[in-house]
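# Report on the structure
Residues per chain, in single letters:
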Amino acid sequence: MASLSVKPGQRFTVPDWQNNSLLISADAEQQRYNSHHIRQEGRALRNETGNQAKWDEHNTRTRLNDRITSVDRWREALARCLTDIDLEIDALTKVKEAAENALQAKNLCLDVAIECLTFRESRRDIDVVRDPVEEELLREVKVIEKTKKELQQRVDEAFKQLCLLKEARQQLNCDHRHKLETLELDRQCVSFNVTSGNISFKVNPTRIPDGTTALREWELNSQCNKDRAEAEMRASVDLRGAITLSIAQTNNELDAQRIATEFALRKRIRDMEGALSELRWQEQNTLEEIAEMEEEIRQLEEDLRKRTLDLKVAHTRLETRTYRPHVELCRDQAQYGLTDEVQQLEGTIRALQQKRTESQDALDALYRQLHRIQTDIGYKTNSLQLDNKCMDTRRKLVIPVEKFEPDVDAVNRTRNLPRNSQLELA
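In the nomenclature of an unreviewed UniProt entry, the chain corresponds to Tektin from the organism Oreocharis arfaki. Quoted verbatim from the Sequence similarities (unreviewed entry) heading of the UniProt record, the comment on the chain is "Belongs to the tektin family."

## Some points on the overall build of the chain
Across its full length, the chain carries five helices and zero strands. For the chain, the N- to C-terminal ordering of α and β elements is α-α-α-α-α. Considering only contacts in the chain between residues 6 or more positions apart, those separated by 24 or more positions represent 89%.

## A word on the side chain of Q161
As for its position among the elements, Q161 is in helix α2 (residues 132–191). Once residues within four sequence positions are removed from consideration, Q161 is found in contact with L92, E232, A235, S236 and L239.

## So, the pattern of salt bridges
Counted under the stated rule, the structure contains 16 salt bridges. With a shortest N-O distance of 2.7 Å, R240 and E88 are connected by a salt bridge. Residue R240 is located in helix α3 (residues 215–248), and its partner E88 is located in helix α1 (residues 14–120); the two are separated by 152 residues in the primary sequence. By the burial criterion, R240 is buried, and E88 matches it. Among the salt bridges present, the one from D310 reaches R307, with a minimum N-O distance of 3.1 Å. Placement of both D310 and R307 in helix α4 (residues 259–321) is noted, with a separation of three residues, approximately one turn of the helix. Within this structure, D72, R75, E76 and R187 form a network of salt bridges that share partners.

## Quick notes on the nonpolar core
I85, L92, L165, L172, A229, I243 and I247 are the most contacted members of the largest nonpolar core, which has 23 residues in total. Considering each element in turn, this core owes the most residues, eleven residues, to α1. Discounting chain neighbours no more than four positions away, the residues touching I243 are V95, A99, R154 and A158. Ranked by size, the runner-up nonpolar core spans ten residues in total, among them L300, L311, L318 and L338.

## Focus on the packing of aromatic side chains
In this description, a pair of aromatic rings is defined by centroid distance and the angle of the planes. Tallied over the entire structure, the rule returns zero aromatic pairs. The ring of W218 carries R67 above its face, with NZ or CZ at 3.9 Å from the centroid.

## What to know about the confidence of the model for the chain
In the predicted model, the chain carries a mean pLDDT of 77, and 75% of its residues have values of at least 70. Here helix α5 (residues 333–395) is the element of the chain with the lowest mean pLDDT, 79, and α3 is the one with the highest, 88. Here residues 251–258 scores under 50 on pLDDT; set against residues more than four positions off or in separate chains, the count is 18 contacts. In the predicted structure, residues 406–426 sits below a pLDDT of 50 and forms 41 contacts with residues beyond four places in sequence or in another chain.

## Regarding the environment of E184
Mapped onto the elements, E184 comes out in helix α2. Separated by 116 residues in sequence, E184 and I68 place their C-alpha atoms 9.2 Å apart.

## Some words on the UniProt feature "coiled-coil region" (unreviewed entry) in the chain
Here the UniProt feature "coiled-coil region" (unreviewed entry) sits at residues 134–161, 276–310 and 342–369. Structurally, residues 276–310 comprises 100% helix and 0% strand, and the distance from its first C-alpha atom to its last is 50 Å. When the span residues 342–369 is considered, its composition is 100% helix and 0% strand, and the gap between its end C-alpha atoms is 40 Å.

## A closer look at the side chain of D175
Inspection of the secondary structure assignment puts D175 in helix α2. A polar contact of 3.3 Å, which involves the side chain of D175, links it to the side chain of N225. D175 has contacts with L78, N221, S222 and N225, leaving out every residue within four places of it along the chain.

Conventions we followed
- Along every chain, residues carry numbers that run from 1 in the direction the sequence is written.
- Local features in this predicted model are restricted to residues of pLDDT 70 or higher, and side-chain atom pairs are both shown and tallied only at a pLDDT of 80 or more, whereas totals for entire chains, interfaces and linings draw on every residue.
- Side-chain figures throughout are based on the complete set of non-hydrogen atoms in the structure, without hydrogens or water.
- UniProt positions are given in the numbering used here, feature names are shortened, and annotations may be inferred rather than shown by experiment.
- Comment: elements are numbered from the N terminus, with helices defined as DSSP H or I runs of at least four residues and strands as E runs of at least two.
- When checking whether two residues touch, look at their non-hydrogen atoms; a contact exists if any pair is within 4.5 Å.
- A pair is scored as a salt bridge if a Lys or Arg side-chain nitrogen falls within 4 Å of a carboxyl oxygen belonging to Asp or Glu.
- Note on classification: 1.4 Å probe, protein chains only; a residue is buried when its accessible area is under 20% of the maximum for its type, exposed when over 50%, partly exposed between these limits.
- Here, nonpolar core refers to any group of buried Ala, Val, Leu, Ile, Met, Phe, Trp, Tyr and Cys residues whose side-chain atoms link them within 4.5 Å.
- Stacked, tilted and edge-to-face are the three classes applied to pairs of Phe, Tyr and Trp rings, where Trp contributes its six-membered ring and a pair requires centres within 6.5 Å; stacked means planes under 30 degrees apart, edge-to-face means over 60, and tilted covers the rest.
- Placement of a positive charge over a ring is assigned whenever Lys NZ or Arg CZ falls within 6 Å of the ring centre and within 35 degrees of the normal to the ring plane.
- Per-residue confidence from the predictor is reported as pLDDT, which spans 0 to 100.
- Counting of polar contacts relies on pairs of N or O atoms within 3.5 Å, with two restrictions inside protein: one atom must be capable of donating a hydrogen and the other of accepting it, and residues adjacent in sequence are counted only when both atoms are side-chain atoms.

What follows is the structure, given as structure tokens:
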């Protein structure tokens, strides 16, 4: 008879089998418990760190905005101070020129007085007497020389004060420019966020750069610049008042022949204004055409972008369809349509690119022409300003020196000067 074959090997008991199953279940529950605990800790950590990061970023943004406000207040204060000091420089320059003109006018008076004394030296015999006329002439010479000395002193003081004003203005302008750069950087920092494209890790970002100053030192620097400029302006106001008073105390007139020159200047100014009007009309039309061409280029680029996106879609569709399995990879109507669409889009893109190139060339030509027009306008504007300045300068020839009053109030610093008047130090 055949016997039952028994497979060799270790045999476990039923309790061993049950214990093994229970151990596996217990281990699974323990691992799930550990995993759940870790997940809960991770969620709590994520919430805590997320909230902390949001609050830190909010506090940083608030501090940046507060700093921007502080810097902007100083920028406005420095800008107002720059405007005031520019007005004061223009005003003092005009008063200095008036003092120089008054000083020049004294030469004729002195020449006449000396000539009269010279004539009287030709007297003979008993007529060579020290009479009241000679005494008055000698006194007149002394008064004229004293007046010239005082005016020359005022001119020198005005020159020195102009140098101080220019120096103070340079410091103000430098500080104002630094404030503008700082505002631009801080505003850029405020605009950064996690979606910004230009954020990255930096090497040692928490370092303290060389030349870093304390907040108090920063405030004192701007305050000192502003205080110095205001002090120089007050000194300039006092000096202008003294110069104006010195000019008003002189009683001499300046005479000059001007009719032919002024007539030629007026005619030249009229011709220049006509040429400027024509150039400005051409400039306006060119600017309008440039604006229209730029809009056209923008539309071309927008259409080019859209067609490029359409081409990407068509390429992606064609590429995706290449993965159809086996016999499904057939050239069906959709395949022909996509191929035609790609070819059509490529031709459209080439045409748009060509037209964009032509439009850009036309725009460049318009800009070159605009540059020529504006350069010519600059030349003619400068010539017209110079001619107008000549007319303003010649106006002094018909105003008696003792009645000459500069277009500047010595106390309130109100004035009516050309906007582009410049300081010319002789």
